[in-house]
Amino acid sequence: MVVLTNFPPPAEGIRCEQSNTEVHVKGIKNPQSRVLGKGTLYIAESRLSWVGEDEKGFSLEYPSISLHAVSRDLSAFSQECLYLMVEGDLGEPEGQNGHSGADEEEEDDEGEDEQPITEFRFVPQDKGQLDAMFEAMSECQVLHPDQADSDSGEDDFFGEEGEEGNSATLQHLESIFSVGTTETNGQAGEEAMQEEEEEDMETGQFEDADIDK
């Protein structure tokens, strides 16, 4: 679970500091999000930290963050936010999901191939800062490469052994992010189509020239 503790915010290497940011946390096995309240998000070179208005907060290490993105699809979530997918099911306290220990062990056996994840959604009051938050996350995460991912290569997500186990996670991501949900994705698609049309026109001109000869 996400444990809120008293600790001072980072003092060095802060790339982005965003106040009035609300946090929503959800484990993959729990369909309900926990709202931790509003606070200040610190995206620092060492780690990502969030400190609430009561001076309690949490921090995340960059190697544990599998994915970060700006989510603007209001059909997937009610507000635009910075979305993080973190390794491990941290969404709810142990023993508070309405199941007994035996049931939990049975569920773990059935879904042991699934990779447990936790979703964090950071919703700033000023939505115009989302791109800056994303850029700061990208810059800081590059400073902490995951050695395990480097050694295993692309097989982690698309290998034959892990294909079945990761399908649920992939389908979940597809339901959150759709092509063209942001202006950047839409512009990129239009530019790609224009380039293909220009290439086709140039090819047709050269073919006509050969025929004339």
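Conventions and cut-offs
- Residues numbered from 1 in each chain as written.
- Predicted model: local features only at pLDDT ≥ 70, side-chain atom pairs only at ≥ 80, totals over all residues.
- Heavy atoms only, no water.
- Phe/Tyr/Trp six-rings, centres within 6.5 Å; stacked < 30°, edge-to-face > 60°.
- Helix = DSSP H or I, 4+ residues; strand = E, 2+ residues; numbered from the N terminus.
- Buried < 20%, exposed > 50% of the residue type's maximum accessible area, 1.4 Å probe, protein only.
- Pairing = 2+ DSSP bridges.

Student: Can you tell me about the packing of aromatic side chains, naming the residues and giving the values?
Tutor: Across all of its chains, the model carries four aromatic pairs by this definition. Seen in terms of ring centroids, Phe-58 and Phe-120 are 5.5 Å apart; in terms of plane orientation they differ by 40°. Their pairing is tilted. Highlighted residues: Phe-58 in strand β5 (residues 56–60) and Phe-120 in strand β8 (residues 117–124), separated in sequence by 62 residues. In this structure, Phe-58 and Phe-120 share a single accessibility class: buried. Here a set of aromatic residues connected by ring pairs shows up, and it is made of Trp-50, Phe-58, Phe-120 and Phe-122.

Student: Can you lay out the sheet that holds strand β6 (residues 65–71) for me, pointing to particular residues and giving the numbers?
Tutor: Ordered in space as β1-β5-β4-β3-β2-β8-β7-β6, the eight strands form an open sheet in which the pairing is antiparallel. Looking at which strands have only one partner, the edges of the open sheet turn out to be β1 (5–6) and β6. Pairing of strand β2 (residues 14–27) with β8, which is carried by seven bridges, proceeds in the antiparallel orientation. Looking at the pairing, Thr-21 lines up with Pro-124 of β8.

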